[in-house]
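# Descriptive analysis of the structure
In case you want the letters, here they are:
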Amino acid sequence: QVQVVESGGGLVQAGGSLRLSCAASGREFSINSMAWHRQAPGKQRELVAIITSGGTADSAGSVKGRFTISRDNAKNTVYLQMNSLKPEDTAVYYCNVVVQYANGAPRFSFWGQGTQVIVSS
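In this text the structure is predicted, and so the values were computed from the model without any measurement. (Residues numbered from 1 in each chain as written. Predicted model: local features only at pLDDT ≥ 70, side-chain atom pairs only at ≥ 80, totals over all residues. Heavy atoms only, no water.)

Okay, the state of the cysteines next. As enumerated under the stated definition, the model contains one disulfide in all. The side chain of Cys 22 participates in a disulfide bridge whose partner is Cys 95; the two sulfur atoms lie 2.0 Å from each other. Between Cys 22 and Cys 95 the sulfur-sulfur dihedral comes to about -80 degrees; the bridge is accordingly left-handed. Of the two residues, Cys 22 sits in strand 3 (residues 18–26) while Cys 95 sits in strand 9 (residues 91–100), which places them 73 residues apart along the sequence. Take Cys 95: its relative accessible area is 0%, and that puts it in the buried class. (Disulfide = S-S within 2.5 Å. Helix = DSSP H or I, 4+ residues; strand = E, 2+ residues; numbered from the N terminus. Buried < 20%, exposed > 50% of the residue type's maximum accessible area, 1.4 Å probe, protein only.)

Let's shift gears to the environment of Gln 3. Summarising the element assignment, Gln 3 is placed in strand 1 (residues 2–7). The class of Gln 3 is partly exposed, set by a relative accessible area of 39%. A C-alpha to C-alpha distance of 7.5 Å links Gln 3 and Gly 112, two positions 109 residues apart in sequence. In contact with Gln 3, not counting residues within four places along its chain, are Ala 23, Ala 24, Ser 25 and Gly 26. (Contact = heavy atoms within 4.5 Å.)

Looking now at the packing of aromatic side chains. Applying the stated rule across the entire model yields one aromatic pair. Relative to Phe 108, the ring of Tyr 101 has its centre 5.6 Å away and its plane inclined at 55 degrees; by these criteria the two rings are tilted. Among the residues examined, Phe 108 registers a relative accessible area of 39% and is labelled partly exposed. Here Arg 19 stacks its cationic end above the ring of Tyr 79, 4.0 Å away from the centre of that ring. (Phe/Tyr/Trp six-rings, centres within 6.5 Å; stacked < 30°, edge-to-face > 60°. Lys NZ or Arg CZ within 6 Å of the ring centre and 35° of its normal.)

Read across the sheet, four strands follow the order 1-3-8-7 without closing on themselves; strand pairing throughout is antiparallel. Edge positions in the sheet fall to strand 1 and strand 7 (67–72), since each has one partner strand and no second. Neighbour-to-neighbour, the strand axes of the sheet open up by a mean angle of 15 degrees, direction not taken into account. Bridge count between strand 7 and strand 8 (residues 77–82): six bridges; the pairing is antiparallel. For Asp 72, the partnering residue across the bridge sits in strand 8 and is Thr 77. (Pairing = 2+ DSSP bridges. Axes fitted to C-alpha atoms, helices over the stretch in contact; angles between N-to-C directions.)

Mapping Gly 26 onto the fold places it in strand 3. Looking at Gly 26, the relative accessible area reads 40%, which means it is partly exposed. Excluding anything up to four places from it in sequence, Gly 26 contacts Gln 1 and Gln 3.

Shown next, in the form of structure tokens:
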């Protein structure tokens, strides 16, 4: 089992910034990828940004140029720097971690509990 814990959400005015953190912990696993998803009220959960173990990153078109995903492999932690926030960025942000317990083994996906981000206009 892998524990995934997010932090850093909160209330911010439009145009402001927030930095989310997500730490994964557990026994003897290797991280394949880490990602941030979000779910706004009444909408489906959507992928915001993802970064692989090799450092390759990608993000949704709606946040490109504003959000940056990064990771600290030594700490099994992923960050989401969110700048120029808009009211439409308001959502619960979830961290997703995909791990393997051995080379070539199946991949397992774990989710955090989510952290609320509210952007006021």
